[in-house]
Amino acid sequence: EIFRFVQMQPAEILSGDADLPMKVMQEEDRNGLVLRNFASEAVMAWAKEFCALGEPVADQLCYYEGYKAQAGETFEQQLKRQLVEDMKECGQALADDKVVKQGTEMARGSPAAVEQLLELLTRLMRLHQQCCGEEDLRWKVKIQINQNGACTKFHDDLVEVRLAMALTGDGTVLADNRQVDWDFYKSCEGVIPALQQKPDASAQEASVMVEEWNQRLCKEEFVLNAGDVAVMKGGKLTDHPCLHRAPYSAGEDTEPVRLLINVDRIPQDELQQFIDMDFGEGEEEEEVQEASEAPAEKETPDSSLLPVTVLSGFLGAGKTTLLTHVLQNQEGLRVAVVVNDMAEVNIDGMLVKGTKILQGQDKMVEMQNGCICCTLREDLIENVTKLAEEKRFDYLLIESTGISEPMPVATTFVHEHDGRKLLGSVARLDTLVTVVDAVNFLKDYQKTDTLQDRQLGAEKTDRRTIAQLLADQVECANLILLNKVDLVSESDAKHLEGVLKKLNPKAKVIRSTYSKVDLKQLLNTKSFDIEEAEQMPGWYQELQGNHVPETEEYGISSLVYREKRPFHPTRLDKLLNNGLDGILRSKGILYVAGVDRALVWHQAGAVLSIDQGAPWQHDVEELEPRQEVVFIGQDLEKNSLKQRLEKALLTEEEMQLGPVEWAKWPNTFRPRSGKDRRKRLAKAARVVQNKMKKQKTATEAAA
């Protein structure tokens, strides 16, 4: 059995071994614990009667340890006070609306039931402590009443342990881990392909697709009863976490009669981000009231505006990886995406679609062959306006090209300029994120070369350094993601953090590997202050039209390489070891003989990674075997680069041998540990760079 089921007595947390929860959670071959009949019949009877009132009681109550707590309160005392206040407010509203009669138990806030509910929550918290110890974590308790739109597809949580319990209505559904097709689950990368292929599916059609996907993933499942509690291992604790889903009765366009309790514990340094996510709007209103003596009050963000997060950062920092991470973990948000790539083929857009991470209700707009801060600025305004006016999306993500400066993009979110309507009336800039490459940032930033020294096409009067672009990207952000910290030492990471904080003291700096970060740090933070930013001189320069497209300003161009023939693994490996001179960034899809799936190529500076992609499928156009890579660099010698690539392809004679013979060849590109390969290639790239530097020094000395 993958789950341990324990029959509980209502008055006891555990019968028998009090250490059972911790023992079960430590067993590697189990990913959860289910305790039967954990809740009392009395509190369940109240929940059933209360939820039967329907829409008038629909609500989501969130309680965070320390948030709006009174001096000296423990969390149990805080929780009791706040829950009593919320239920009294709800009872009064029900009475005022004549849903219940004045003077009844519910009109008075259900005091007896609240006491029973508090006793249950206390027992749940003690159970959680038994399962994951006494680390420096803070409580979060969420009570969802008659909430629809829940995630009805099997998924896991990015936590160590989560408790879930329904007091009335259909319970949580757990996958039987013995029956899960983990290869299928990982290949789907958190999405349902059928929904992606039919984004306009009706709610009924989408429901059928979800059910079919769930059945494909796992044939057997456990359905919890009301009163049972599930203790579920999350993705932070195991590679095979507890997969679970909401009952279909709580999905989109439903009217569930259900009360669900979730109990989590959150690291102290992440707590404020969760609070901002759930209470950001109310918190800002409170701050405005307290700041009434200030000369000017800030307005609460208009909830009718489409919230936007802009992802910025230099070439290869990890923006597309971050976008992929966000979309894979969006948890029910209907997301629109604008992806910008300067090349004639939008490789970022292709990779987003190729990884199949867009949900059926999501949408992507591709903008290419220019940068959104100037060449495509009008297109950006038009596309965002259309997306906002559709009223179908909860959130918009904009990934700018790696050579874009974020300031011109941000200026489009003012209401108007010189009588010209911009985006401020339909959308609001919520968060401006700059992704920083921990490996390469200081290598460029610490150099004194000007744009002219690098021969990047700058005007004679322009004495800015190449580091200026990096500084511009950092100084405008309110969140800086220091990425690829796994490839640098701790001392180097701390030093770079110091530089970033010096450049932008007000921005929050967080570390990441493969751009993985808590989404509450990126979405609905309400942290970008456009009024403060508008006072920066650079804003007015951009509004006056003084921006020059990056492709002209920095002399950066691109080459798109397409080919149907596969690469020979040995010749391709030799090509990589010899280095790719002048390439700032390369990205795309590789077809290597002897490998039955696409390889996703990412190269920037000293870091090259080649990761596994989707299996080749000859009957699916997007997954037909091919080469499709874009190379971005300074003063590219395109013909020479193309010739070198073609020499690494299979010859006509080798093509005739076929896949059976190809599979016998030595091949360093077959699947292996992504992290090990990434570091190996990074080391190889540095060796090549050092070799080139020595050769250059020797040549100059001889001259």
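Residues numbered from 1 in each chain as written. Predicted model: local features only at pLDDT ≥ 70, side-chain atom pairs only at ≥ 80, totals over all residues. Heavy atoms only, no water.

Brief notes about helix H3 (residues 75-96)
With 22 residues, H3 should cover 32 Å at 1.5 Å per step; its first-to-last C-alpha distance of 31 Å lies within 8% of that length. Among the residues of H3, those classed as buried are Phe-75, Gln-78, Leu-79, Arg-81, Gln-82, Leu-83, Met-87, Cys-90, Gly-91, Leu-94 and Ala-95. Packing partners of the buried residues in H3 comprise helix H2 (41-51), strand E3 (59-64), helix H4 (111-132) and strand E4 (137-145). Looking at the residues trailing H3, positive phi occurs at Lys-98, about 60°. (Helix = DSSP H or I, 4+ residues; strand = E, 2+ residues; numbered from the N terminus. Expected span 1.5 Å × (residues − 1). Buried < 20%, exposed > 50% of the residue type's maximum accessible area, 1.4 Å probe, protein only. Contact = heavy atoms within 4.5 Å.)

Focus on the sheet that holds strand E7 (residues 221-223)
With antiparallel pairing, the three strands of this open sheet are ordered in space as E7-E6-E9. For this open sheet the edge positions go to E7 and strand E9 (244-245), each flanked by a neighbour on one side alone. Across two bridges, strand E6 (residues 173-175) lies against E9 in antiparallel orientation. Each residue of the ladder has a partner; that of Leu-174, found in E9, is His-244. (Pairing = 2+ DSSP bridges.)

What about the packing of H3 against H4?
Between H3 and H4, whose axes approach to 11 Å, the crossing angle comes to 145°. The chirality of how H3 crosses H4 is right-handed. Residues Phe-75, Glu-76, Leu-79, Lys-80, Leu-83, Val-84 and Met-87 of H3 form the contact with H4, whose participating residues are Val-114, Glu-115, Leu-117, Leu-118, Leu-121, Thr-122 and Met-125. Partitioning the contact of H3 with H4 into residue classes produces 10 nonpolar, one polar and three charged. (Axes fitted to C-alpha atoms, helices over the stretch in contact; angles between N-to-C directions. Left-handed = near helix turned anticlockwise from the far one by under 90°. Nonpolar A, V, L, I, M, F, W, Y, C, P; charged D, E, K, R; others polar.)

Regarding the pattern of salt bridges
Here the structure, examined in full by the defined rule, presents 22 salt bridges. Arg-81 is the salt-bridge partner of Glu-73, the closest N and O atoms lying 2.8 Å from each other. The residue Glu-115 makes a salt bridge to Lys-80 at a minimum N-O spacing of 3.8 Å. With Glu-115 in helix H4 and Lys-80 in helix H3, the pair connects residues that are 35 residues apart, well separated along the chain. Look at Lys-80 and you get partly exposed, because its relative accessible area is 41%. (Salt bridge = Lys/Arg side-chain N within 4 Å of Asp/Glu carboxyl O.)

Quick notes on the environment of Pro-671
Tracing the chain through its elements places Pro-671 in the loop between helix H22 (659-662) and helix H23 (674-702). Classification of Pro-671 as partly exposed rests on a relative accessible area of 49%.

Regarding the packing of aromatic side chains
By convention here, two paired aromatic rings are described through the distance between centres and the angle between planes. Evaluation of the coordinates by the stated rule reveals five aromatic pairs. Ring plane angle 40° and centroid distance 6.0 Å describe the contact between Phe-184 and Trp-213, whose orientation is recorded as tilted. Taken together, the residues span a long stretch of sequence, with Phe-184 in helix H5 (residues 182-188) and Trp-213 in helix H7 (residues 203-217) at a distance of 29 residues. Trp-213 carries the same exposure label as Phe-184, and that label is buried. Between Tyr-185 and Trp-213, the ring centres sit 6.5 Å apart and the planes meet at 50°, which makes this aromatic pair tilted. In this pair, Tyr-185 sits in helix H5 while Trp-213 sits in helix H7, placing the two residues 28 residues apart along the sequence. (Phe/Tyr/Trp six-rings, centres within 6.5 Å; stacked < 30°, edge-to-face > 60°.)

Here we look at the confidence of the model for the protein chain
Confidence in the prediction for the protein chain averages 75 pLDDT; 70% of positions are at 70 or higher. Contacts of residues 4-18 to residues separated by more than four positions or lying in other chains number 44 contacts, the stretch itself having pLDDT below 50. In the predicted structure, residues 673-696 sits below a pLDDT of 50 and forms 32 contacts with residues beyond four places in sequence or in another chain. (pLDDT = per-residue confidence, 0-100.)

A look at the side chain of Arg-258
Along the chain, Arg-258 turns up in the loop between E9 and strand E10 (259-267). One buried charge, Arg-258, has no salt-bridge partner; the nearest side chain with opposite charge is Asp-170, at 6.5 Å. One polar contact links the side chain of Arg-258 to the main-chain carbonyl oxygen of Asp-170, over a distance of 2.7 Å. The contact partners of Arg-258, leaving out residues within four places of it in the chain, are Cys-51, Gln-144, Ile-145, Asn-146, Thr-168, Gly-169, Asp-170, Gly-171, Thr-172, Pro-247 and Ala-250. (Lys, Arg positive; Asp, Glu negative; His and termini not counted. Polar contact = N/O pair within 3.5 Å; in protein donor to acceptor, adjacent residues only side chain to side chain.)

Topic: the packing of H2 against H4
It is the contact of H2 with H4, at a shortest axis distance of 9 Å, that shows an interaxial angle of 120°. As judged from the angle between their axes, H2 and H4 are oblique. In the crossing of H2 with H4, the sense of the turn from one axis to the other is left-handed. Of the residues in H4, those touching H2 at Ala-42, Val-43 and Trp-46 are Ala-113, Gln-116, Leu-117 and Leu-120. The residue makeup of the contact of H2 with H4, split by class, is six nonpolar, one polar and no charged. (Parallel < 35°, antiparallel > 145°, perpendicular 65-115°, else oblique.)

Brief notes about the nonpolar core
A general feature of soluble globular proteins is that nonpolar side chains tend to end up buried together. In terms of nonpolar packing, the biggest core is built from 46 residues, with Leu-83, Leu-117, Leu-120, Leu-124, Ile-143, Leu-167 and Ile-261 touching the most fellow members. Residue contributions to this core peak at 11 residues, all from H4. Apart from the residues lying within four places of it in its own chain, the contact partners of Ile-261 are Leu-117, Leu-120, Leu-121, Leu-124, Lys-142, Ile-143, Leu-163, Ala-164, Met-165 and Leu-167. Formed by 42 residues, the second largest nonpolar core is a distinct cluster that contains Phe-393, Ile-398, Leu-423 and Val-436. (Core = buried A, V, L, I, M, F, W, Y, C linked by side-chain atoms within 4.5 Å.)

Concerning the environment of Ala-493
Relative to the helices and strands, Ala-493 is located in helix H15 (residues 490-503). Residue classification places Ala-493 among the buried residues on the basis of a relative accessible area of 3%. The spatial distance from the C-alpha of Ala-493 to the C-alpha of Asn-483 is 9.8 Å, given a sequence separation of 10 residues. Ignoring sequence-local partners within four residues, the contact set of Ala-493 consists of Leu-482, Val-488 and Arg-511.

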